[in-house]
Amino acid sequence: MTLWVILLFSTTQLLAQSKLSIDNVYSVTLRNSGSIIENEEIKGYYFFYQSDKIDKRTNEYTLQVLDANLNKLKDIKFQDSKKIALMESSYNGSSLVFMFFDEDQNMIDYRLYDMEGKKTYSYSKILDKRSEAYFKSVPRLGNDEEAENQSLYDIPNKGFLSIIPLREGKKYTYEVNFYSSDKRKAWNFNPLEDGKFTQAQYLGANDSIAIVEVLSKLKLTSKEMESTLVGINLMNGRKVFEIQTQDKGRKMYPMNISTVAGKSEYIVMGPYFESEDRVLQDKSEGLGVWAMNNAGKIISSKYISWANDVSKYIKTDFKGRLADIGYVYFHNLFQTEDGKFFAVGEGYKKTASALGIATTVLSAMAGSYGGGFSTAKMKVTDMVLLELSDKFMLENATIYDKYNNNVELPSGYEFMNPHTLALLLKTSGSFDYSFTQMGKNKGSFVSGYTDFEKGKNYRGLTFNSISYHDGQLTTDKINLKTSASKLHLLPAKPGSVLLMEYYKKDKRLELRMEKLN
Amino acid sequence: MYPYRKLRFLAFFLFICLHAPSQEFSFAAFKNDPSYGQNVQSTIKKRYEEDVSFLSGNNKKYIADIYEERYELIKERFTSNEILTATEPQQYLSALADEILKNNPEYNSKGLNILFSKSFYANATSMGEGSIFFNIGLFHRLQNESQAAFVLCHELAHYYLNHNNNNIHQYVTTIYSDNFQQKLKSIQKLSYEKNKQLDALAKNLLFRNRRHGRAFEHAADSMALELMKNTNYDIREALTCLSILDSADKDKYSQEVVLEQHFNFASFPFKKSWIENDDLVFAKTEDKESHDLDSLKTHPDCAKRIEVLKEKVRQYEKKGSKKFIVSESKFNALIKQFDYEVIEYCVQSGRISRALYYALEMIQIYPGDPYLNTIIGKCLNELYTTQKNHTLSKIVDLPNPEHDIEYNSLLHTIQNLRLREIAALSFYFLKEREPQFYSFAPFAEVYNQSKQHFNQ
C-alpha cells in the first residue's frame, strides 16, 4: 500500500487563537537520510534526525532504521556533539555500521550494531590535517549514484573497509582502514608516499584479499595517468601485491572486480587503451577482461575492441566511433551469477554549438573577446550495453535509443578533446545514466537512465530501465511527469524503484515502491 | 511431521469437517439501497449539525472541529461504498437491534443508525453521535445471534454512556486548560530538552487517555450485560464472543497457504525463488516487546474482560434463553454471504493482495467454488495490469514483520514475480479450471483477459 509521510515542520508558531498544541511546539529536524547497502544491494534505509537540543554543545539524535520495504525496524537514540554528521551506512550480513563525522573532535566514528540492535563495537579515528579535508568537503546528502557508497564497503560477515583520501598541500594520497565486526580488531594500510597525485578506488574483495585500484599522476595537471592494482591481506592489512595494469602492450583502467565463491581467482574489468595512449585524452580501444590470482598475476586476458568486435554488432566509423553514437563512456561493468559479463555505457560526441558560435560572433561585433559559451558542445547520445559470455567472448551489443541531450560548454572548452570532456560530463552529472542495482547474489541487474519523450500522449522526462533476469533482457519506462508537484526517483531493493511524489498544495510527500518490468 | 504441523493438519481437518463444502452456494454481492443510504446520511448530517449547535463554553470551537472530523470520517465511509445498505442484511441487523432495544425501553433509540460495514477488520465501532458500524469482518466469525447481540449491546453501551463525546470533551478541556497551556508555553521557552519535556507531557496524556479507554471498555462490557440480560439471548455467549475476539488476529479461514499447491503447472512449474526473501532483520524482538506495553493498550485483554464478566454472567444466566431469536437461518446465510463479501469489498476497495490471500485461504475449504477460482484469476490480472503501469504499490501491501507469516509469504512472492510470470500464473491457473468453470460468465471474462496478458 502507498505510504504516507506527514511532513514535520520545525516551527513554533502560535495558533490563531493563541493556543498551543504539542505538535506545533515539537521540533524535529531531518539531518540526512541514505541507503543501507550490502554488496551493491539496497537492504534498507536510515533517517538521521536531530530530535532535541541537550545543551550548548550537545544534541539528542534519533537514527531510524528501516528495512527495504520501508518498515521501521528501530529507533536508535543517542546524545552527541551538535556538529556530528552521518556519512554512510553499510551491512555485511551480520552487522550494520554507521559512519559518523564529528567536526568538533575532528574524528570519524564507526558504530557497529548486531542484528539484535545492540551496539557491539565502536571504532574511532582521529583525523589529521591530511584526512580532514575530505570529510569537510564531501556532501552529506547522498551522492550521484545512490545505490553505491563512496568510502565505506562491506566485507561479508567479517567487517567493513573504509578508504579515505588524504591531502596535504599538493600531495594527494589515501589510506585503507578495516574494522572487524566479529571481534574488536582494526588495521590500517598506508601506501608508500612517492609524491605523486594519487587516488584510490575500492574494486572488491574475495575471501582473503581486498583489491584497490590506485590512479596516480606526477602532478594534478598531468595528462598522463598511471593505474596500479593493490592487493591487501584482509587478515592483517599487509600489501600482497602491487602491479601496473598493463598487459600485452595495453593499459587497462579497472572499474570492477568479480569473485567466485570458494575460488581465489577473480575477474578484473575495465576499458583499455593502447600503451601510448593517454587515458585523459584518448578514446578507449574497447573493453578488457582479466582473470587474476591472489598473487596479482594475470592468468588470462581478453580484449573486446570497438573496431574489430563491437563493429560486428554495431556500425563503427574509421575513427572507431559507433555510428550516430560517437564514443562510449562506461558507467558500470560487472559479472552476473550465470557467469556473463555486462558493460553499461553511454555515447557522447563533440559537435559545433550554434549558440556558442552566435554569442562569439555577437561578442566580436560588440568589440569584446569571446562569448559566455564555447563554440563546441557535447552531445550525450544513446545507451550501449555489451554482453560477454563467461569465456569473455562478446555475444551481443545493443543500443538503447534515447533523446540526445546537448550540453553547452563554457567558453574555451572547445580546445579540450572529447574524452576529457566526457570526464567533465560525468563529474557534472550531465550523462543520463542514473544507477545500476544488482539483484540477490548478482543473479539479475537493473540499469536505469533518464530520457525525454516528445510523443503525442506524453511529453516530459521518463525513467528507463534495462533489466536482466533469468537470462533475458527487458526494458521498462516510467513517466516522470505526474500530478505531483515534484517527483524524485531513487534506487530501491533489487528490481524496484522508490518514487517520492511531493504534492505542494497538500504539503504531502508520498513514497511508493514500484517494481520494474 | 513436526508436532506443530500435526496440530495444524488436525485443525485443518476438523475445519473442513465443520465447514462441509456446500458447493451449491452461488455468491452474488449484495446490492446497496441508495435511497436508504441517502436517508441515513441525511439523519447523520442533521445530528452532526444539531450536536454542533448545542455546543457552548470556551472550547466549543475545538470540540466542533473534532465533531467535523468525525462527521467527515463517517461520510467518507459512505462515499467509499464501505457501508452496506442492502435491504436484506440491514433488515436483519435492525431486527437484532430492535430485540435489544424493545427489551430496554428506558433507553432512547432515536438517532441511532446501526449499520454493517464491509471492512475486513474484526471490529465494531460506536462513533459517539449515534452511528454504530458492525464490521462484517467480525460478524462472519461469530457462531450465533447471541454473540452478535453482545457486540451490539457493547457498542450501544458506549453510546448511552457517552464515552466518545466524553473523551473528546475531556481531551479538549485538558489540552486547552490554562494549566496545560502554561506548561506548553514554558516548554516552548526552553532552549534545551524541549522535546524531552514534550515527550513526557504527551506520554502522560496518552497513558491517561488509554487508561480511560480501557476503563470505558470495562464499563461498556458491564453495561452490555445489563442490556443483554433483559433480552432472551443466551448471556453466556458474551464470554464465547470475547474468546472469538481474543483470536481475531487470526483469519477466519486461517490456513497454511502453500502457494506451490496452487501455482505449480506442468507447463509452468513453481519456482522456489518466488517465495524467498532476505529482508533485513534488525532489532525485531525489542520492538515486539515495546508494542506489548500494557499501559499503551487501547483495549484490555479479552482474557481479563472474560474474568471480570464471568461472575455477572453466571448470575444473569437464565433457563430458556436462546442462541437465536431473530432467525438462525438468516444469521447463517449472512455468515456465509459475508465470507465472500469480505473478499469482494477488498477487491472493490483496491486491497488486491488481501483479497487474493483470503481467497487462497478459503479455496482450500471450497476448491470447487466458481467465485473463489474466478477472484484468484481476477486478482492476478489486477496485479499484472498495475505492475505494468507502475501502480502495483497502490493495491498490494508490502511485506511487513507485523503481518501474519503466511500473508507475508504471499507478499514476498508478489514482490519477486516478474510481469510475465504474473501473466503466466493467471493464465495457467485459469486454464486448468476452464473445463469446470467456463460457463460461469465472470470466470470466462477473467480467463479471456488473462489470455490477452499472456498473449495466447
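Residues numbered from 1 in each chain as written. Chains lettered and ligands numbered in written order. Predicted model: local features only at pLDDT ≥ 70, side-chain atom pairs only at ≥ 80, totals over all residues.

Visitor: How would you explain the overall build of chain B if you had to name every residue and give the values?
Guide: From N to C terminus, chain B includes 19 helices and four strands. Whereas a compact globule of 456 residues would reach a radius of gyration of roughly 23 Å, chain B reaches 25 Å, a difference of no more than 12%. Seen through its C-alpha atoms, chain B measures out along the principal axes to roughly 75 × 65 × 50 Å. Here chain B, with 456 residues, has 36% of them falling under the buried criterion. Within chain B, residue pairs in contact and separated by at least 24 positions form 74% of the contacts whose partners lie at least 6 positions apart. (Helix = DSSP H or I, 4+ residues; strand = E, 2+ residues; numbered from the N terminus. Rg over C-alpha atoms; globule rule 2.2 N^0.38 Å. Buried ≥ 20, exposed ≤ 12 C-beta atoms within 10 Å, placed from the backbone. Contact = placed C-beta atoms within 7 Å.)

Visitor: Could you give an account of the overall build of chain A, naming the residues involved and the relevant values?
Guide: For chain A, the helix and strand inventory stands at four helices and 35 strands. Relative to its 517 residues, chain A shows a buried fraction of 40%. Long-range pairs, those at least 24 residues apart, make up 46% of the contacts in chain A between residues at least 6 apart in sequence.

Visitor: Any details on the packing of helix H3 (residues 60–79) of chain B against helix H7 (residues 163–175) of chain B? Residues and values, ideally.
Guide: Residues and elements named next belong to chain B. Contact geometry for H3 and H7: axes closest at 10 Å, N-to-C directions at 135°. It follows that H3 is oblique to H7 by the angle criterion. Note on packing geometry: the crossing formed by H3 with H7 is right-handed. When H3 is examined against H7, the residues Tyr62, Ile63 and Ile66 are found in contact with a partner set consisting of Ile168, His169 and Val172. (Axes fitted to C-alpha atoms, helices over the stretch in contact; angles between N-to-C directions. Parallel < 35°, antiparallel > 145°, perpendicular 65-115°, else oblique. Left-handed = near helix turned anticlockwise from the far one by under 90°.)

Visitor: Please set out the nonpolar core residue by residue, giving values where relevant.
Guide: Formed by 204 residues in total, the largest nonpolar core has its most connected members in Leu386 of chain A together with Phe134, Leu152, Cys153, Ala355 and Ala359 of chain B. The residues touching Phe134 of chain B, leaving out its near neighbours within four places in the chain, are Leu93, Ile114, Phe116, Ser117, Ala124, Phe139, Val151 and Leu152 of chain B. Membership of the second largest hydrophobic core comes to six residues, among which are Leu20 and Val25 of chain A together with Ile187 and Leu198 of chain B. (Core = buried A, V, L, I, M, F, W, Y, C linked by C-beta atoms within 7 Å.)

Visitor: I'd love a proper account of the packing of helix H10 (residues 237–246) of chain B against helix H13 (residues 302–316) of chain B, names of residues and values included.
Guide: Each packed pair of helices is defined by two parameters, the angle between the axes and the distance between the axes. Residue and element names in this part refer to chain B. Their axes nearest at 9 Å, the elements H10 and H13 cross at an angle of 175°. Comparing the axis directions of H10 and H13 gives the class roughly antiparallel. Residues Ala238, Leu239, Leu242, Ser243, Leu245 and Asp246 of H10 lie in contact with H13, whose contacting residues are Cys302, Ala303, Arg305, Ile306, Leu309, Lys310 and Val313.

Visitor: For the interface of chain A and chain B, give the residues involved together with the corresponding values.
Guide: Contact with chain A, which involves 39 residues of that partner, is made by 39 residues of chain B. Counting only elements with at least two residues in the side of chain A that touches chain B, the list comes to helix H1 (22–25), strand E3 (41–53), strand E4 (58–67), strand E5 (72–81) and strand E35 (508–515) of chain A. For the side of chain A that touches chain B, the leading source of residues is E3 of chain A, giving five residues. Looking at the side of chain A that touches chain B residue by residue, the class counts come to 16 nonpolar, eleven polar and twelve charged. (Nonpolar A, V, L, I, M, F, W, Y, C, P; charged D, E, K, R; others polar.)

Visitor: Report on the domain arrangement of chain A, specifying residues and quantitative values.
Guide: The accessible area lost on association of the parts is a frequent measure of interface size. Residue and element names in this part refer to chain A. What the domain assignment reports for chain A is domain 1 (29–161), domain 2 (324–419) and domain 3 (432–517). Centre-to-centre, using C-alpha coordinates, domain 1 lies 26 Å away from domain 3. Contacts between the two partners involve eight residues from domain 1, matched on the other side by twelve residues from domain 3. (Domains from an automatic or database assignment.)

Visitor: I'd like to hear about the domain arrangement of chain B, residue by residue, with values.
Guide: Each assigned domain of chain B is listed with its residue range as follows: domain 1 (31–253 + 288–316) and domain 2 (350–453). Here the C-alpha centre of domain 2 of chain B lies 35 Å away from the C-alpha centre of domain 1 of chain B.

Visitor: With reference to specific residues and values, describe the confidence of the model for chain B.
Guide: All names here are of chain B. Looking at chain B as a whole, its pLDDT mean stands at 91, while 91% of the residues score no less than 70. Confidence drops under a pLDDT of 50 for residues 1–22, and excluding neighbours within four residues, the segment shows eight contacts in the predicted structure. A low-confidence stretch, residues 287–292 (pLDDT under 50), is modelled with one contact involving residues beyond four sequence positions or located in other chains. The complex model carries a pTM of 0.86, and its ipTM stands at 0.84. (pLDDT = per-residue confidence, 0-100.)

Visitor: For the environment of Ser353 of chain B, give the residues involved together with the corresponding values.
Guide: Residues and elements named next belong to chain B. Its place among the elements puts Ser353 in helix H15 (residues 352–363). In this structure Ser353 comes out as buried when scored by C-beta crowding, with 23 C-beta atoms within 10 Å. Each C-alpha atom of the pair Ser353 and Lys102 lies 43 Å from the other, and the pair is 251 residues apart in sequence. In contact with Ser353, other than residues within four places in its own chain, are Val396, Asp397, Leu410, Leu411 and Ile414.

Visitor: So what's going on with helix H4 (residues 87–102) of chain B? Which residues, and what values?
Guide: Residues and elements named next belong to chain B. With 16 residues, H4 should cover 22 Å at 1.5 Å per step; its first-to-last C-alpha distance of 21 Å lies within 8% of that length. Along H4, the residues that are buried comprise Pro89, Gln90, Leu93, Leu96, Ala97 and Ile100. For H4, the angular spread of the buried residues around the axis is 125°, confining them to a single face. Seen from the buried face of H4, the exposed residues on the opposite side, beyond 90 degrees, are Thr87, Gln91 and Lys102. (Expected span 1.5 Å × (residues − 1). Arc of directions from axis to C-beta.)

Visitor: Requested: an account of the sheet that holds strand E30 (residues 445–454) of chain A, with residues and values cited.
Guide: Residues and elements named next belong to chain A. Strand order across the open sheet formed by four strands is E29-E30-E31-E32, with antiparallel pairing between neighbours. The strands lining the two open edges of the sheet, one partner per strand, are strand E29 (433–438) and strand E32 (472–479). Strand-to-strand twist across the sheet, computed as the mean angle between neighbouring axes with direction ignored, equals 25°. The pairing of E30 with strand E31 (residues 459–469) spans ten bridges and is antiparallel. Its bridge partner lying in E31, Phe452 is registered against Leu461. (Pairing = 2+ DSSP bridges.)

Visitor: Explain the pairing of E32 of chain A residue by residue, including any values.
Guide: Relative to E32 of chain A, E31 of chain A runs antiparallel, the two sharing eight bridges. The partner of Thr462 of chain A across the bridge, within E32 of chain A, is Asn479 of chain A.

Visitor: Quick rundown of the pairing of strand E17 (residues 239–244) of chain A? Include the residues and the values.
Guide: Residues and elements named next belong to chain A. Pairing of strand E16 (residues 226–233) with E17 involves five bridges; the strand directions are antiparallel. Following the sheet pairing, Ile232 is matched in E17 by Lys239. Hairpin connection between E16 and E17: a loop of five residues separates the two successive antiparallel strands, and Gly237 in this loop has a positive phi of roughly 80°.

Visitor: Which residues make up unusual backbone geometry, and what values go with them?
Guide: Excluding glycine, a negative phi dihedral is what most residues carry, and trans is how most peptide bonds are arranged. The phi torsion at Asn157 of chain A lies on the positive side, around 55°, for a residue other than glycine. Turning to its location among the elements, Asn157 of chain A is positioned in the loop between strand E10 (152–155) and strand E11 (159–168). The class for Asn157 of chain A is exposed, based on 11 C-beta atoms found within 10 Å. For Glu193 of chain B, which is not glycine, the phi torsion reads 55° and is therefore positive. Mapped onto the secondary structure, Glu193 of chain B falls in the loop between helix H8 (178–189) and helix H9 (194–229). Its 16 C-beta neighbours within 10 Å are what place Glu193 of chain B among the partly exposed residues.

Visitor: Describe the confidence of the model for chain A, with residues and values.
Guide: Residues and elements named next belong to chain A. Mean pLDDT over chain A stands at 84; residues scoring 70 or higher make up 84%. Here strand E1 (residues 3–6) stands out as the least confident element of chain A, with mean pLDDT 30; strand E13 (residues 186–189) is the most confident, with 96. Segment residues 1–17: pLDDT under 50, and 27 contacts once partners within four positions in sequence are set aside and those in other chains are kept. Confidence drops under a pLDDT of 50 for residues 140–145, and excluding neighbours within four residues, the segment shows eight contacts in the predicted structure.

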